[in-house]
Structure formats: structure tokens, C-alpha cells
Amino acid sequence: IPSIILWGPPGTGKTTIARLLAGETGLAFEQISAIFSGVADLKKVFEQARIRREQERGTLLFVDEIHRFNKSQQDSFLPCVEDGTIILVGATTENPSFELNGALLSRCQVLVLNRLDPDAMSALIGRAEMFERRPLPVDEAARDALLAMADGDGRYFLNLVEEVFAA
């Protein structure tokens, strides 16, 4: 798979997509957050990925909030992406054309994710109800209110539904 930048609002499945890609391709999954990580953390991840590569196992590196890395930090990904040491999957809520440097962006496919529509949100309720083995204990008006509060953010919506089930 190519390196990918997932661009979309919160709760649209960026992290889930990265985990699924790693699982389906048999790649080792490494996750870092640009908010909490620095160059030393990246060096460790790159070294572990190089070791895996020597053992003929690939690494999918998921970088949450990749736009938070400065330009020189973004440049540090280039050699590892170019030589196949890592498959980079970056997640951002910001327009990558403005927030990521051109060299990194040119080596990645950008996939745009949209807020979840009402049908997708209803499917989430259905899955939660199957998991809980009971219907969500609210009337139709309350369901609509939950949907409106979540505003297409699946993670936030599932948290709300979880709270309703727990109440």
C-alpha cells in the first residue's frame, strides 16, 4: 500500500482505518502523536522499523496530528518512506496542502474523509444495540437529539450512546 494522509474532521475513522490497513496487510502497527512526540521518538520508531525490515516484516507508522510536526520533522520521514522502511499513514484535521511540506505530500496519497451522514450514524446505533443486546433506551426524539449533538463525529456519538446505555 502507498503512504497515505487521511484528512478529515474528528471522529471520521482515521485511526480505525490505519489499524485496519495494518491488520489486513500484516504490517506491524506503530502509533505516535505529533503532539507528544519528537525527533528522538521518531528515531526509535525508524530504527525498530529498519530491524523489522531486515526480518522481512513491514511497519505501518500511524502519525496522529501529523500537521503538528514542523517542516524539518516532516522531512525526517522522507528517507524511510522512500526506501520502504515504513508505510506512513498520517492523520490530520487540517488541509494537508497548507500544513505538510511538499516533499512529504508528493510521496503520499491524500484521502479526504467526511463527517458521517445520518445513515452511517444510524448504523452505529444498530451496532451498539447488537453489542449491548438491547435497544437504545430512548425515544425517536432523543435519538435525533443525540445525532444532532454528535454532528457527524462517530467517536463522540458512540461516547454519547455508551453513556445512555450506562445510565
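Being a predicted model, the structure only gives us computed values, none of them experimental.

1. With respect to the pairing of strand 3 (residues 59-64)
Okay, so step 1: Of all six residues that make up strand 3, five are buried, and the element is covered over most of its length.
Okay, so step 2: Sheet topology note: the strand 2 (residues 28-33)/strand 3 ladder contains six bridges and is parallel. Each bridged residue has a counterpart across the sheet, and for isoleucine 32 the counterpart in strand 3 is valine 63.
Okay, so step 3: For the crossover that starts at strand 2, traverses helix 2 (residues 39-54) and ends in the parallel strand 3, the hand is right-handed.

2. Observations regarding the sheet that holds strand 3
Okay, so step 1: Across the sheet, which stays open at both edges, the five strands sit in the order 2-3-4-1-5 with parallel pairing between neighbours. A strand with exactly one partner marks an edge of an open sheet, and here the two such strands are strand 2 and strand 5 (108-112). Each strand axis lies, on average, 20° off the axis of its neighbour in the sheet, ignoring direction.
Okay, so step 2: Here five bridges tie strand 3 to strand 4 (residues 87-92), and the two strands are oriented parallel to one another. Paired with leucine 60 across the bridge in strand 4 is isoleucine 87.
Okay, so step 3: Contacts from helix 1 (residues 14-25) reach strand 1 (3-7), strand 2, strand 3 and strand 4 within the one sheet, and its direction differs from that of strand 3 by about 175°.

Parameters at a glance
Residues numbered from 1 in each chain as written. Predicted model: local features only at pLDDT ≥ 70, side-chain atom pairs only at ≥ 80, totals over all residues. Heavy atoms only, no water. Buried < 20%, exposed > 50% of the residue type's maximum accessible area, 1.4 Å probe, protein only. Helix = DSSP H or I, 4+ residues; strand = E, 2+ residues; numbered from the N terminus. Pairing = 2+ DSSP bridges. Right-handed = clockwise from strand over helix to strand, strands pointing away. Axes fitted to C-alpha atoms, helices over the stretch in contact; angles between N-to-C directions. Contact = heavy atoms within 4.5 Å.

Structural measurements only, silent on function.
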